[in-house]
Amino acid sequence: MIRKILALSCLMLVLTAGTACAEPDDLGQRVLAETNAARQNPQRYAQYIREFKKSFIGKGYRLPGSLNVVMTSEGKPALDEAVQFLSRQRPLPALSWSPGLARAAADLVREQGGSGETGHGERSDMKKRIDKYGSWRSSLGENISYGPDTARQVVMGLIIDDGVADRGHRKNIFDRSYTTVGIACGPHPLYRTICVMDLAGGFQSR
């Protein structure tokens, strides 16, 4: 099963950049910790979104320490729906870090960091990129976040999934079949920051 989800959301458009790598201390590793915090204690994570809601004015919100207003597609209702989901969600096991999947994610970060493109490309392209670094088991998926430059903003954005009707990025984060993940983040010429999250039911690096 391959699940491909594009996280092209303006919910958290933050104008700063990072670097694309797969080292344990990079933003990708912090996104992993934040993702696991949401999976293991979704009710507590719902409180972060409740706090974030306080920064909204209509369909926009203010970034901390800034007068700029970032516009969203759905506004507060998307946050309310995410809180309701998290309130009902049962805790899930933590995802493990996969260096192979992180290298595959970093390839897409470097590619789009140079081209300015967005999206996953063809399904076969995603699979070839991941297969280059090892073999996956059971299930395979990908989330991409454009804009956020902190781990919490990345993960909250994927969970809220503003403007995405099926909340596919959220489904990936809370999919029990996924056991391992690799994440890479870096600069993007249009959205300034890109984070790619490649998930699998298991992965054996080459």
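Just above, that's the structure.
Please read these numbers as outputs of a predicted model, since none were measured by experiment.

**Q** When you look at the overall build of the protein in this model, what are you seeing that I'm missing?
**A** Broken down by element type, the protein carries 7 helices and 10 strands. Out of the 206 residues in the protein, the part that is buried amounts to 51%. Approximately 9,200 Å² of the protein is accessible, and the part contributed by carbon and sulfur atoms is 52%.

**Q** Please clarify how the state of the cysteines should be interpreted in this entry.
**A** A covalent bond between the sulfur atoms of two cysteines is what we call a disulfide. On inspection of all chains with the given rule, the structure shows 1 disulfide. In this model, Cys185 is linked to Cys195 through a disulfide, with the two sulfur atoms separated by 2.1 Å. Since a negative S-S torsion denotes a left-handed disulfide, the Cys185-Cys195 link at about 115 degrees is right-handed. One end of the pair, Cys185, is in strand S8 (residues 180-188); the other, Cys195, is in strand S9 (residues 192-200), and 10 residues separate them in sequence. Residue Cys185 shares its accessibility class with Cys195, and that shared class is buried.

**Q** Even after reading the chapter, I still don't get the packing of helix H2 (residues 42-53) against helix H3 (residues 76-88), so can you show me in this structure?
**A** Any two packed helices are characterised by how steeply their axes cross, that is the angle between the axes, and by the distance between the axes. Running from N to C, H2 and H3 cross one another at 165 degrees; their axes reach a closest spacing of 8 Å. The pairing of H2 with H3 is recorded here as roughly antiparallel in orientation. Where H2 crosses over H3, the handedness of that crossing is left-handed. In contact with Pro42, Gln43, Tyr45, Ala46, Ile49, Arg50, Phe52 and Lys53 of H2, H3 contributes Lys76, Leu79, Asp80, Ala82, Val83, Leu86, Ser87 and Arg88.

**Q** When you look at the pairing of strand S7 (residues 140-146) in this model, what are you seeing that I'm missing?
**A** In the case of a regular strand, side chains alternate between the two sheet surfaces. Buried residues dominate S7, accounting for 7 of its 7 residues. Note: S7 against S9, 7 bridges, orientation antiparallel. Residue pairing across strands places Ile144 opposite Val196, the latter belonging to S9.

**Q** Can you help me understand unusual backbone geometry in this one?
**A** Comment: phi is negative for the bulk of residues other than glycine, and the bulk of peptide bonds are trans. Positive phi is not limited to glycine here, since Asp161 has a value of about 60 degrees. With respect to the helices, strands and loops of the structure, Asp161 is situated in the loop between helix H6 (151-160) and helix H7 (168-173). Its relative accessible area of 1% is what places Asp161 among the buried residues. The phi torsion at Arg167 lies on the positive side, around 50 degrees, for a residue other than glycine. Along the chain, Arg167 falls in the loop between H6 and H7. Residue classification places Arg167 among the buried positions, given a relative accessible area of 11%.

Parameters at a glance
- Residues numbered from 1 in each chain as written.
- Predicted model: local features only at pLDDT ≥ 70, side-chain atom pairs only at ≥ 80, totals over all residues.
- Heavy atoms only, no water.
- Helix = DSSP H or I, 4+ residues; strand = E, 2+ residues; numbered from the N terminus.
- Buried < 20%, exposed > 50% of the residue type's maximum accessible area, 1.4 Å probe, protein only.
- Areas by Shrake-Rupley, 256 points an atom, 1.4 Å probe, with all protein chains shown as cover.
- Disulfide = S-S within 2.5 Å.
- Axes fitted to C-alpha atoms, helices over the stretch in contact; angles between N-to-C directions.
- Parallel < 35°, antiparallel > 145°, perpendicular 65-115°, else oblique.
- Left-handed = near helix turned anticlockwise from the far one by under 90°.
- Contact = heavy atoms within 4.5 Å.
- Pairing = 2+ DSSP bridges.

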